[in-house]
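This is what each chain is made of:
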Amino acid sequence: METVYSVTISSLIGPLFLAASDEGLIALEFDARLPGQQSIRPNPRHLREEKTHVTLVQSLEVMRPYVDELNQYFAGQRRSFTFPLDLRGTGFQLDCWRALQQIPYGETRSYADIARTVGKPNAFRAVGMANNRNPVAIVVPCHRVIASDGTLCGYGGGLEVKRKLLELEGALTGSLAA
């Protein structure tokens, strides 16, 4: 059984749940979960059915480096994160998440752009599914991915949260700002 440290913080987009292993951040989730949305947290309605391999221990002390950098980000004082990540997914998901981390602050890319980046130019739908499974929102910036026509689409925190994050980063231009 692995021990994972966690904390829930307030932010300008609402409560955020953070969890980290000894290797780095493994989850940054919006506090409210949509039906079917993946989470490291157990669902109280299904505890008897769920088999978990982690023990969650709340610890602001352990989570302080993550919390501090996120607070700096939301205050407009940080454009990138320096803490380690412990991303867990399939090879394709990891490739997609690494590609997301290459999108500069204040810029956006399309799903097709990410598909080309990972060497699978026709896999834009699969890229969308990998984004959907991104366990570390904001830090692995799936909010910076938009539709090929330049419009906002799909985001686990909702389109209004996506819009707020892109506004914070100064990435809303043209049709995105409308």
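What you are looking at is a predicted structure, and each value in this text was computed from that prediction instead of being measured.

**What about the pattern of salt bridges?**
Across all of its chains, the model carries 8 salt bridges by this definition. One salt bridge connects R64 with D68, and the closest N-O pair in it is separated by 3.3 Å. Residue R64 and its partner D68 are located together in helix α1 (residues 60–74), separated by 4 residues, close to a single helical turn. Since its relative accessible area comes to 31%, D68 is described here as partly exposed. Ionic pairing is found between R116 and D113, a salt bridge with its closest N-O pair at 2.5 Å. Pair noted here: R116 and D113 are both in helix α3 (residues 111–117), with a separation of 3 residues, about one helical turn.

**Concerning unusual backbone geometry**
One non-glycine residue, I138, adopts positive backbone phi at about 70°. Along the polypeptide, I138 turns up in the loop between α4 (124–132) and β6 (145–146). Judged by relative accessible area, I138 falls into the buried class, the value being 1%.

**Let's talk about the nonpolar core**
Grouped together as the largest cluster of nonpolar side chains are 41 residues, with contacts concentrated most on L16, L18, L25, L28, L70 and I138. For this core, the secondary-structure elements that each account for two or more residues are β1 (2–9), β2 (16–20), β3 (25–30), α1, α2 (91–101), α3, α4 and α5 (159–169). Counting residues per element, this core draws most heavily on α1, which supplies 6 residues. Not counting residues up to four positions away in its chain, the partners in contact with L16 are V7, T8, I9, S11, L28, E29, F30, D31, F74 and I138. In terms of nonpolar packing, the next biggest core, distinct from the first, is built from 6 residues, V4, F17, I26 and A27 among them.

Each value, and the rule that gives it
Residues numbered from 1 in each chain as written. Predicted model: local features only at pLDDT ≥ 70, side-chain atom pairs only at ≥ 80, totals over all residues. Heavy atoms only, no water. Salt bridge = Lys/Arg side-chain N within 4 Å of Asp/Glu carboxyl O. Helix = DSSP H or I, 4+ residues; strand = E, 2+ residues; numbered from the N terminus. Buried < 20%, exposed > 50% of the residue type's maximum accessible area, 1.4 Å probe, protein only. Core = buried A, V, L, I, M, F, W, Y, C linked by side-chain atoms within 4.5 Å. Contact = heavy atoms within 4.5 Å.

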